Amino acid sequence: MSLKLKILSIAAAVFLVAILGAGLAGGLYLWHLNQDLPDASKLANYEPPVMTRVHAGDGKIIAEYATERRLYVPIDVIPKPVIQAFLAAEDKNFYSHGGVDAVGIMRAVFDNIVNVFRDRRMVGASTITQQVAKNFLLSNDRTFERKLREVLVSMRLEQAYTKDKILELYLNEIYLGVGSYGVAAAALNYFGKPLDELTIAQAAYLATLPKAPNNYHPFRFHDRAVARRNWVIGRMAEDGFITEEQAAEAQQTDLDVTLRPVGVQIADAQYFVEQVRRELYNQYGEKKLYEGGLSVRTTIDTKLQAIATSAMRKGLIEYDRRQGWRGATSKLEPGVTWTDALKNMAFPGDLTPWTLAVVLKVDANSATIGLRPEEMEDGQFSKEVRKGTIPLSEVKWARPSLPKGYLGPEVKSVGDVLSVGDVIYAEPVFKEKSKTAIDHYALMQVPLVNGSVIAMDPHTGRVLAMQGGFSYSLSEFNRATQALRQPGSAFKPFVYAAALDSGFTPSSLVLDAPFVSEQGPGLALWKPENYEHDFHGPSTLRYGLEHSRNVMTVRLAQAVGMDKVALYAKRFGIMDNMMPVLSMSLGAGETTLMKLAAAYAILDNGGKEVKPTLIDRIQDRWGRTIYRHDDRPCNGCNDPWEGQSPPELPDDREQIENPQTAYQVTSLLEGVIQRGTGSAARRVGVPLAGKTGTSSEARDAWFMGYSPNLVIGVFVGYDEPTPLGRAETGGRTAAPIFADIMQQAIGDKPAIPFRVPSGISLVRVDAATGQPAGPGTQKVILEAFKTGTELQASASSQRTLGVVGGSSVSTDAGFGSDDTAGDGLTTGTGGLY
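Predicted model only: the values in this text are computed from it and were never measured.

Caption draft 1: Representation of the sheet that holds strand E13 (residues 463-467) within the structure. Here 5 strands make up an open sheet; going across it, the order is E13-E12-E20-E19-E18 and the pairing antiparallel. The open sheet has two edge strands, E13 and strand E18 (689-694), and neither has a second partner. In this sheet, neighbouring strand axes are inclined to one another by 5° on average, regardless of whether the strands run parallel or antiparallel. Direction of pairing for strand E19 (residues 701-707) relative to strand E20 (residues 710-717): antiparallel, over a ladder of 7 bridges. Following the sheet pairing, Ala 701 is matched in E20 by Val 716. Contacts from helix H19 (residues 659-675) reach E18 and E19, with the element oriented near 70° to E18.

What follows is the structure, given as structure tokens:
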């Protein structure tokens, strides 16, 4: 053998050994990588973070909570145009390759060689399967080893799962911008539509986003986004998914994106939704709330919520205007560009249509104002300069606020109130019969006072509306559930309920005269007074509650016993440990609006227990019900319908108060509105019962009332308890808010009377004396007596109850052992208590 041949043989042998060595080394390397690959089978039980969605009672979405805004949808629910758009944009050979697309890789290599010479961005060749492998099981490291692992995992995925399952994982996992994970969430967040309503153009736009969603933002990079979308549409036509005609039509459409807000979807419901969030967090924890995909059906009535929010703000503004104008929010220095200055000022978004404005020009009859530039969906501000006018008529209310609740002189010129450079709040006033054409603007002021409203179904406890303050943006503190305040006279109905259960009747007489009680060694005498600082002598229970007579209530509480009154406060859920002292009978304890509304709901509901709830039902991500407020068994509800009678649900609610007493109190509270301190609500024109409440020094103003099917509670007060001012009682401050809500909620509906339970006799009596009505009686009412007690109203003489020096006197044995005994005193006729 020649030397040359030997050399060639040796070289060939070395080459073969090298090839075999390299192959062996590569094989060992791949074997090592394969041993350390993640287990692809765990994707079979994959549960990605899915957002929790909160629905109103009518099904509307009112809030979403998520770390990743995702809605998981099965592949068979995703429409074909959406799937085809992503295949055209990302992996047209998806259903034919084995996890790695060799043809795509070769094409990408050739394209990248060209891109290098043309200084263009390099393109990738990852298949959808490879993207699933990387996103679910691997890191995002840009290394050769990671790429090899990706290929190996992709091959395993193709063996372990069907193509449809891999595509399902991909379409639900990918990030598509604006906080959207998966195609279903993206369809809602970009277009406000479910997947099955997307057009070809909209589906194609979503398919442009997986690689770099921020590069194709619909507002910041509109033209680039349209160009990329049209490229995807072209690829769909090339791949035979759509016709050329469909492609041409889709490419001509505009990019009609309307971004959905994050979190709360209805501004009016922010307090309600936050309370729901707190309850979900406490019950299920943070992970389940933000990643568990809960579907929460709440009790809120969105129409009633809007009514309650509007009425409460209107009432607070009216009160605030009675206190005068406190001045502009700030003042711009000369030379400052007012549009830029207004952009940089914080504006509470839930006060829309209010806006910030700066006064540009002032004369006697009007002010010209510059309006804050309009904020667009992408967070940018419009370049349009907007101006408006405030006429004299819209500043007439703005008399200067002076100490001790006094007001300055009347406003005769706009210049008396505003000056150039003042930064103010303004609200558009629309032309007659128009909701869009602005006529002028009104001067507005954020009230210092605050308040809350609760609307509740008295039969179920479902909270239909909750407004916890004037503006959630300005204060997240929920005054409906978190504020402990003194209910004042709004507590009195429960004192009267205790009395009616102790043998009193609505016609029983109680002495309305000065009352003095010792408070203990070294303490001054307690001398409660009526609001009007007068006394009417012997008066009926009805008169005492209708006109909210303090001294009568104290005497009544003393006769019944404060231990029993405290027990009633606990039974009705108002206060758990109320001190058994007489001042508590006038509402000196503390409670929340929610608790007090539930107590009034018990009266409205025939004395049955009422448990307030904001949530009807909760389902997990798979649609299984994991919580239901009404958990009563329903035997036969799931049986096939064969003409049988509907199943009857058991009523297992506790009887807190007997139905007869509950109706008697309701009847008394009807009189509060018809003839007493709640007359501001009389204008609603349907049967209503209610009670005003004003705490000591008018620091809290309340109105609690109800119709047969709706309870409304209203509270008004400063966050730091401060007197509301002269004559600012519950009847003036809170009752109009109640009336506005009721007027809009049920004022146009048929009048429904309160249900009269068995065991009640309605007797015609003299409204002034409570005695049976005769031929000459001037004012007759129907009084509600428990059957068997009617004769007490016609008795010519009864043993009596009076009070001397704060000591109780009782000689009527009909009240039972709970009544307080004392020195005997016999006076008058007709029964004086």
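Caption draft 2: How the structure looks around empty space enclosed by the protein. Across all of its chains, the model carries 2 cavities of 30 Å³ or more by this definition. Reported here for the second largest cavity is a volume of approximately 40 Å³. Forming the boundary of the second largest cavity are Pro 506, Ser 507, Thr 540, Arg 542, Val 765, Asp 766, Ala 767, Gly 770, Ile 781 and Glu 783. For the lining of the second largest cavity, a count of residues per class yields 4 nonpolar, 3 polar and 3 charged.

Caption draft 3: View of the pairing of strand E12 (residues 450-456). Among the 7 residues of E12, 7 are classified as buried, and the element is accordingly described as predominantly covered. Where burial is concerned, the two faces of E12 agree: the one with Asn 450, Ser 452, Ile 454 and Met 456 and the one with Gly 451, Val 453 and Ala 455 are both buried. Of the pairings in the sheet, the one linking E12 to E13 comprises 4 bridges and is antiparallel in character. Residue pairing across strands places Val 453 opposite Gln 467, the latter belonging to E13.

Caption draft 4: Here's a closer look at the packing of aromatic side chains. By the definition in use, this model includes 22 aromatic pairs. Ring plane angle 55° and centroid distance 5.9 Å describe the contact between Trp 354 and Phe 470, whose orientation is recorded as tilted. Here the residue Trp 354 occupies a position in the loop between helix H13 (338-343) and strand E7 (355-362), and Phe 470 occupies one in the loop between E13 and helix H14 (492-500), the gap between them amounting to 116 residues. One exposure class covers both Trp 354 and Phe 470, and it is buried. Ring centres of Phe 703 and Phe 738 lie 4.6 Å apart, and the angle between their planes is 45°; on these two criteria the pair is classed as tilted. Here the residue Phe 703 occupies a position in strand E19, and Phe 738 occupies one in helix H21 (residues 735-746), the gap between them amounting to 35 residues.

Caption draft 5: View of the layout of surface pockets. Put simply, the second largest pocket is a space of about 770 Å³. Among the elements of the structure, E18 and helix H20 (730-733) are those that each provide at least two residues to the lining of the second largest pocket. Per element, the largest residue contribution to the lining of the second largest pocket is 4 residues, and it comes from E18. Residues of the lining of the second largest pocket, tallied by class, amount to 7 nonpolar, 20 polar and 6 charged.

Caption draft 6: Examining the sheet that holds strand E16 (residues 615-619) more closely. Strand order in this open sheet of 5 strands is E2-E1-E5-E16-E17, and the pairing throughout is mixed. Looking at strand neighbours, the two that pair on one side only are strand E2 (61-65) and strand E17 (625-628), the edges of this open sheet. Averaged over all neighbouring strand pairs, the angle between strand axes comes to 15°, with direction disregarded. In the sheet, strand E5 (residues 295-298) pairs with E16 via 4 bridges, with the strands oriented antiparallel. Considered in E16, the bridge of Thr 298 is made with Ile 615. Against the sheet, helix H11 (residues 270-291) makes contact with strand E1 (52-55), E2, E5, E16 and E17, and its axis sits at roughly 35° relative to E2, the strand it touches most.

Caption draft 7: How the structure looks around unusual backbone geometry. The omega torsion of the bond from Thr 352 to Pro 353 falls at 20°, within 30 degrees of zero and hence cis. You can see Pro 353 is positioned in the loop between H13 and E7. Not every positive phi belongs to a glycine, and Glu 697 is a case in point at roughly 60°. With respect to the helices and strands, the residue Glu 697 is situated in the loop between E18 and E19.

Caption draft 8: Spatial organisation of a nonpolar patch on the surface. Residues Val 756, Leu 762 and Leu 782 make up a contiguous nonpolar surface patch of about 260 Å² in total accessible area. Along the chain, Val 756 turns up in the loop between H21 and strand E21 (760-766). We classify Val 756 as partly exposed; its relative accessible area is 41%.

Caption draft 9: Molecular detail of helix H9 (residues 222-238). For H9, built from 17 residues, the straight-helix expectation of 24 Å at 1.5 Å per residue is met to within 8% by its first-to-last C-alpha distance of 24 Å. Regarding H9, the residues found buried are Ala 225, Val 226, Arg 228, Arg 229, Asn 230, Val 232, Ile 233, Gly 234, Arg 235, Met 236 and Ala 237. Elements in contact with the buried residues of H9: helix H2 (80-90), helix H8 (200-207) and helix H10 (244-252). Positive phi appears at Gly 240, one or two residues downstream of H9, with a value of about 85°.

Caption draft 10: Just the packing of H2 against H8, in detail. Closest axis-to-axis distance for the H2/H8 pair is 8 Å, and the angle between their directions is 40°. Judged on the interaxial angle alone, H8 and H2 are oblique. In this structure, H2 meets H8 at a crossing whose hand is right-handed. On the side of H2, the interface is formed by Pro 81, Val 82, Ala 85, Phe 86, Ala 89 and Glu 90, while H8 contributes Ala 203, Ala 204, Leu 206 and Ala 207. The residue inventory of the contact of H2 with H8, partitioned by class, reads 9 nonpolar, no polar and 1 charged.

Caption draft 11: Inspection of the confidence of the model for the protein chain at higher detail. Per-chain confidence: the protein chain averages 86 in pLDDT, with 84% of residues scoring 70 or above. Note on residues 29-33: pLDDT under 50 across the span, and 7 contacts to partners over four residues away in sequence or across chains.

Caption draft 12: Inspection of the side chain of Asp 766 at higher detail. Summarising the element assignment, Asp 766 is placed in strand E21. Buried charged residue Asp 766 carries no salt bridge. Nearest counter-charge: Lys 779, at 9.0 Å. Only 2.8 Å separates the side chain of Asp 766 from the backbone nitrogen of Ala 768, close enough to count as a polar contact.

Caption draft 13: Focus on the pattern of salt bridges. Overall, the coordinates contain 35 salt bridges when judged by the stated rule. Linking Arg 53 and Glu 64 is a salt bridge whose minimum nitrogen-to-oxygen distance equals 3.5 Å. Of the two residues, Arg 53 is situated in strand E1 and Glu 64 in strand E2; the sequence distance between them amounts to 11 residues. Residues Arg 53 and Glu 64 agree in their burial class; the two are buried. Between Arg 549 and Asp 512 there is a salt bridge whose closest N-O contact spans 2.9 Å. Taken as a pair, Arg 549 in the loop between helix H15 (541-546) and helix H16 (550-560) and Asp 512 in strand E14 (residues 509-512) lie far apart in primary sequence, 37 residues in all. Here Arg 549 and Asp 512 have matching classes, each one buried. Each of the salt bridges in this network shares a partner with another, and the network as a whole consists of Lys 314, Glu 318, Arg 683 and Asp 740.

Quick notes on the rules
- Residues numbered from 1 in each chain as written.
- Predicted model: local features only at pLDDT ≥ 70, side-chain atom pairs only at ≥ 80, totals over all residues.
- Heavy atoms only, no water.
- Pairing = 2+ DSSP bridges.
- Helix = DSSP H or I, 4+ residues; strand = E, 2+ residues; numbered from the N terminus.
- Axes fitted to C-alpha atoms, helices over the stretch in contact; angles between N-to-C directions.
- Contact = heavy atoms within 4.5 Å.
- 1 Å grid on protein atoms, 1.4 Å probe; cavity = no way out; pocket = protein on both sides within 12 Å on 5 of 7 lines; lining within 4 Å.
- Points joined across faces, edges and corners; volume = space filled by probe spheres on them.
- Nonpolar A, V, L, I, M, F, W, Y, C, P; charged D, E, K, R; others polar.
- Buried < 20%, exposed > 50% of the residue type's maximum accessible area, 1.4 Å probe, protein only.
- Phe/Tyr/Trp six-rings, centres within 6.5 Å; stacked < 30°, edge-to-face > 60°.
- Patch = residues over 30% accessible without salt bridge, like charges linked within 9 Å, V, L, I, M, F, W, Y side chains within 5 Å.
- Areas by Shrake-Rupley, 256 points an atom, 1.4 Å probe, with all protein chains shown as cover.
- Salt bridge = Lys/Arg side-chain N within 4 Å of Asp/Glu carboxyl O.
- Expected span 1.5 Å × (residues − 1).
- Parallel < 35°, antiparallel > 145°, perpendicular 65-115°, else oblique.
- Left-handed = near helix turned anticlockwise from the far one by under 90°.
- pLDDT = per-residue confidence, 0-100.
- Lys, Arg positive; Asp, Glu negative; His and termini not counted.
- Polar contact = N/O pair within 3.5 Å; in protein donor to acceptor, adjacent residues only side chain to side chain.

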